[in-house]
Amino acid sequence: MNPISTIQAIKSTTEATRNWYADCLRFAKRWIKGKGKFSSEDLVSAFNKRHDFRPADGRVWGAVVRALKTDGSIRWVSFGKSRSGTSNTYVKNIWKSKI
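As a convention, each chain's residues are numbered from 1 in the sequence order in which they are written. Residues qualify for local features only when their pLDDT is at least 70, as the model is predicted, and side-chain atom pairs are given and counted only at 80 or more; totals for whole chains, interfaces and linings, by contrast, use all residues. Here the side-chain values reflect all heavy atoms present in the structure, with hydrogen atoms and water set aside.

K.L.:
How would you explain the nonpolar core if you had to name every residue and give the values?
P.N.:
Within this scheme, the nonpolar core is defined by two criteria: the residues are buried Ala, Val, Leu, Ile, Met, Phe, Trp, Tyr or Cys, and they are joined through side-chain atoms within 4.5 Å. Exposure is judged per residue with a 1.4 Å probe applied to protein chains only, and the accessible area is read against the type maximum: over 50% gives exposed, under 20% gives buried, and values in between give partly exposed. Tyr-21, Trp-31, Leu-43, Trp-61, Val-64, Leu-68 and Ile-74 are the most contacted members of the largest nonpolar core, which has 20 residues in total. A run of DSSP states H or I qualifies as a helix once it reaches four residues; a run of E qualifies as a strand once it reaches two. Both are numbered from the N-terminal end. Here the element with the most residues in this core is helix α4 (residues 60-70); it accounts for seven residues.

Have a look at this one:
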């Protein structure tokens, strides 16, 4: 994917009115504090357990994780196995909180 397409894809998820991007990012920043290693699956699962609403587009979580990485809140550690049987890939990124 070229950089312009990436920027457009992120904008499409972060600016959509029903994606709850700001709420998801705010939750993620609180949730990762003091966390050891985690995957985006862990983050989404924690969000879903605490909230009645879901983002209209699940890709918003990719934008949230990318924002956390960009601002230095998390760093990539390794690859791990997905726990979801419905995942289209069984390898997930493992992150570590830096805050």
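K.L.:
Tell me about the packing of helix α2 (residues 21-31) against helix α3 (residues 40-50), and please be specific about residues and values.
P.N.:
Orientation is described by lines fitted to C-alpha atoms, with helices fitted over the stretch in contact, and by angles between N-to-C directions that extend from 0 to 180 degrees. One can describe the packing of α2 onto α3 by two numbers: an axis separation of 11 Å at closest approach and a directional angle of 110 degrees. The angle between α2 and α3 falls in the class roughly perpendicular. In this structure, α2 contributes Cys-24, Phe-27, Ala-28 and Trp-31 to the contact, and α3 contributes Asp-42, Leu-43, Ala-46, Phe-47 and Arg-50. An angle below 35 degrees is treated as roughly parallel, one above 145 as roughly antiparallel, one from 65 to 115 as roughly perpendicular, and anything else as oblique. Here, two residues are considered to be in contact whenever any of their heavy atoms come within 4.5 Å of each other.

K.L.:
Tell me about the sheet that holds strand β1 (residues 37-39), and please be specific about residues and values.
P.N.:
Should DSSP find at least two bridges between two strands, the strands are regarded as paired. With antiparallel pairing, three strands are arranged side by side in an open sheet as β1-β3-β2. Looking at strand neighbours, the two that pair on one side only are β1 and β2 (74-81), the edges of this open sheet. Each strand of the sheet is rotated relative to its neighbour by a mean of 40 degrees, with strand direction disregarded. Relative to strand β3 (residues 91-97), β2 runs antiparallel, the two being bridged by seven bridges. When the bridges of β3 are listed, Phe-79 appears paired with Asn-93.

K.L.:
Help me get a handle on a positive patch on the surface, residues and values and all.
P.N.:
Like-charged residues are merged into a patch within 9 Å and nonpolar side chains (Val, Leu, Ile, Met, Phe, Trp, Tyr) within 5 Å, provided each residue has over 30% relative accessible area and no salt bridge. Here the open area of atoms and residues is found with the Shrake-Rupley method and a 1.4 Å probe, where only the protein chains shown may cover a residue. The rule for a salt bridge is simple: a side-chain nitrogen of Lys or Arg has to be within 4 Å of a carboxyl oxygen of Asp or Glu. None of His or the chain ends enter the tally, which takes Lys and Arg as positive and Asp and Glu as negative. Where a charge sits is defined by one atom per residue type, namely NZ (Lys), CZ (Arg), CG (Asp) or CD (Glu). Taken together, the side chains of Lys-37, Arg-75, Lys-96 and Lys-98 make up a positively charged region of the molecular surface. Following the sequence through the fold, Lys-98 ends up in the segment after β3. Using a relative accessible area of 54% as the deciding quantity, one classes Lys-98 as exposed.

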